[in-house]
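Results of the structural survey
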Amino acid sequence: MTGEPPQSTPTRRFRPRHRLGRDLDYRAVFNARLRKGRGPMTVFARPNGLGYDRLGLSVGRKAGPATRRTRLKRLVRESFRLSRDRLPGGFDLIVNLRAHKPLPFERYRDLLVELCAAAAKEQARRDRKREGSS
């Protein structure tokens, strides 16, 4: 036994390909102007044409000291990792968290899925509108 998961089960690792790392990627997502927010979370989205989602995080200093900001980022990363099968797929996502009292993990996961679905729906509406005007 090697300790690796069987080949038939999909891995849920948070690999480097699932991360937004470059400043240009962040700027492109912000410039797409597709934004959905609820409570302390705002999701910025942009189609990436890759077939899988990539995640970037933006947590300002107003959210608290470094330890709190790091904890919030871990919660969102884990939400993303465990919810990838419930996300629309093919988007670059930036999650921005504002200052708030910490929520249960399930609430972050539900917010992420809900906001990503709303962003995908809005992108589909924009695509239909663009096709209609051509």
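Predicted model, so just to flag it, every value in this text is computed and none were measured.

Once that is clear, we can look at the packing of aromatic side chains. Under the counting rule described, the total for this entry stands at one aromatic pair. Consider the rings of Phe-30 and Phe-44, whose centres lie 4.8 Å apart with planes at 80 degrees: the pair is edge-to-face. Linking Phe-30 in helix H1 (residues 23-31) with Phe-44 in strand E2 (residues 41-47), this pair joins segments that are 14 residues apart in sequence. Owing to a relative accessible area of 32%, Phe-30 belongs among the partly exposed residues under this scheme. Above the plane of the ring of Tyr-52 lies Arg-17, whose end atom (NZ or CZ) is 5.1 Å from the centre.

Any two side chains of opposite charge can pair, given that their charged atoms come close. Summed over the entire model, instances satisfying the criterion amount to nine salt bridges. For the salt bridge of Arg-81 with Glu-78, the shortest nitrogen-to-oxygen distance reads 2.7 Å. Linking Arg-81 with Glu-78, this pair stays in helix H2 (residues 66-83), spanning three residues, or about one helical turn. Here the salt bridges share partners, and the residues they tie into one network are Lys-36, Glu-122, Arg-125 and Arg-126.

Quick notes on the rules
Residues numbered from 1 in each chain as written. Predicted model: local features only at pLDDT ≥ 70, side-chain atom pairs only at ≥ 80, totals over all residues. Heavy atoms only, no water. Phe/Tyr/Trp six-rings, centres within 6.5 Å; stacked < 30°, edge-to-face > 60°. Helix = DSSP H or I, 4+ residues; strand = E, 2+ residues; numbered from the N terminus. Buried < 20%, exposed > 50% of the residue type's maximum accessible area, 1.4 Å probe, protein only. Lys NZ or Arg CZ within 6 Å of the ring centre and 35° of its normal. Salt bridge = Lys/Arg side-chain N within 4 Å of Asp/Glu carboxyl O.

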